[in-house]
Amino acid sequence: MISEQRLHQLLAAYGAEPQRWPAGEREQARALLQNSPAARRAWEQACSLDDWLEQAARPVPPPELERRLINAVNRRVASPWTWLKNWLWGESLPQHLWRPALTLGLPLLLGLGLGGYLWPEFRTWENEAHLEYTAELVEDAYAPLWSEDENLEQGELPEWL
Amino acid sequence: MQRLVAGDQAALAQLIHTHFSALHRYATRLLDNAGEAEDVVQESFIRLWEQAASWRADKGGLSTWLHGIAHNLCVDKLRRRREAVSLDAEGETPDFPQLADPGHVLEKLEIAEQVELALRQLPARQRAALLLCYYQGFSGEEAAEILGLSLDALESLLARARRALKQWRKHHDF
């Protein structure tokens, strides 16, 4: 049988609910409680605080938090291959749509940008400006020759040609 | 757990689903900060994944183990917070929030809010012991294991916490 002092210690620590008392002392404590008016008074006092503590609100996590947490943990623990697959393919339906589009579109844009930078003659507007500039140079260079043959008919070639 | 050790992420998701709410509730109440609690819960499951192989069923339940990890992470956060506070205020900041007119403010609170407020006034170790035994459903032995204490030390913490709450109630006429 446990002592009355020990029962008071149990009530002071675990409160009035026997389920919280250590399993090995529970039955003896219950028996003592039935036989001791002083212990019963201590038990009733403990009940009051227990009832008050019972009324604490239970924090409820936001509903979307679990899904967010699973995704975050999965990302952290994923192998490099899984990480790459998730990054390219996405993890939800909307992501399955835009991620592959982005995956294909990004290299295309990168290729065009890189190509334009490495081979500027492929850039049409610059090509046209270059041609115009060349034409002006040619015209200026041959201007004296053209001027000698001002009397030529349209389409007729000068003698030196 | 065997699936977890084998690297099965679906098993991890299942464990998160099972233990998430309890762990989140514990961390939120202990830290009194939803953002930090979320970090703690996330980090706890990552540690579970990394250390799954070292878990032994005969050394306690998985929930006890997870709560132990979460508790240590919470203690780290509280310690950092205390260091930050002491650096900011050169140690003059009180442990508990000071209410301008406690009686006037408190009498307007619902009982649930009174209890939450009272729990927040407790020192972190007493609060942790009370939360584990009264709200998380752990036995004294399990709670002592989570906190890394002997059963006697846990009972002493619980008794001090209950005594403080009783005085707090008496002081505020609840």
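An account of the accompanying structure is given in this report. (Residues numbered from 1 in each chain as written. Chains lettered and ligands numbered in written order. Predicted model: local features only at pLDDT ≥ 70, side-chain atom pairs only at ≥ 80, totals over all residues. Heavy atoms only, no water.)

All right, on to the overall build of chain B then. The helix and strand inventory of chain B stands at nine helices and zero strands. Each helix and strand of chain B, placed in order from N terminus to C terminus, yields the pattern α-α-α-α-α-α-α-α-α. The buried share of chain B, reckoned over its 174 residues, is 44%. For chain B, restricting intrachain contacts to residue pairs at least 6 apart in sequence, the fraction spanning at least 24 positions comes to 65%. Carbon and sulfur atoms form 48% of the exposed surface of chain B, whose accessible area is close to 9,100 Å². (Helix = DSSP H or I, 4+ residues; strand = E, 2+ residues; numbered from the N terminus. Buried < 20%, exposed > 50% of the residue type's maximum accessible area, 1.4 Å probe, protein only. Contact = heavy atoms within 4.5 Å. Areas by Shrake-Rupley, 256 points an atom, 1.4 Å probe, with all protein chains shown as cover.)

Phi is positive for B:Asp32, which is not a glycine, with a value near 55°. Using a relative accessible area of 45% as the deciding quantity, one classes B:Asp32 as partly exposed.

Moving on to the environment of B:Asp32. Residue and element names in this part refer to chain B. Examined against the element boundaries, Asp32 turns out to sit in the loop between helix H2 (9-31) and helix H3 (34-50). Counting along the chain gives 88 residues from Asp32 to Arg120, while the straight-line C-alpha distance between them is 7.6 Å. The contact partners of Asp32, leaving out residues within four places of it in the chain, are Ala27 and Arg120. A distance of 3.4 Å separates polar atoms of two side chains, one belonging to Asp32 and the other to Arg120. (Polar contact = N/O pair within 3.5 Å; in protein donor to acceptor, adjacent residues only side chain to side chain.)

Taken together, the contact between chain A and chain B spans 33 residues of the former and 42 residues of the latter. Together, the buried faces of chain A and chain B total about 3,500 Å²; carbon and sulfur atoms form 62% of this surface. Between A:Arg76 and B:Glu43 there is a salt bridge whose closest N-O contact spans 3.2 Å. On the surface where chain A and chain B come into contact, there are 15 residue pairs in polar contact (both at pLDDT 80 or more). Of all the elements, helix H4 (residues 65-77) of chain A adds the most residues to the side of chain A that touches chain B, at ten residues. (Buried area = accessible area lost by both parts, 1.4 Å probe. Salt bridge = Lys/Arg side-chain N within 4 Å of Asp/Glu carboxyl O.)

By themselves, these observations are geometric and do not establish any function.
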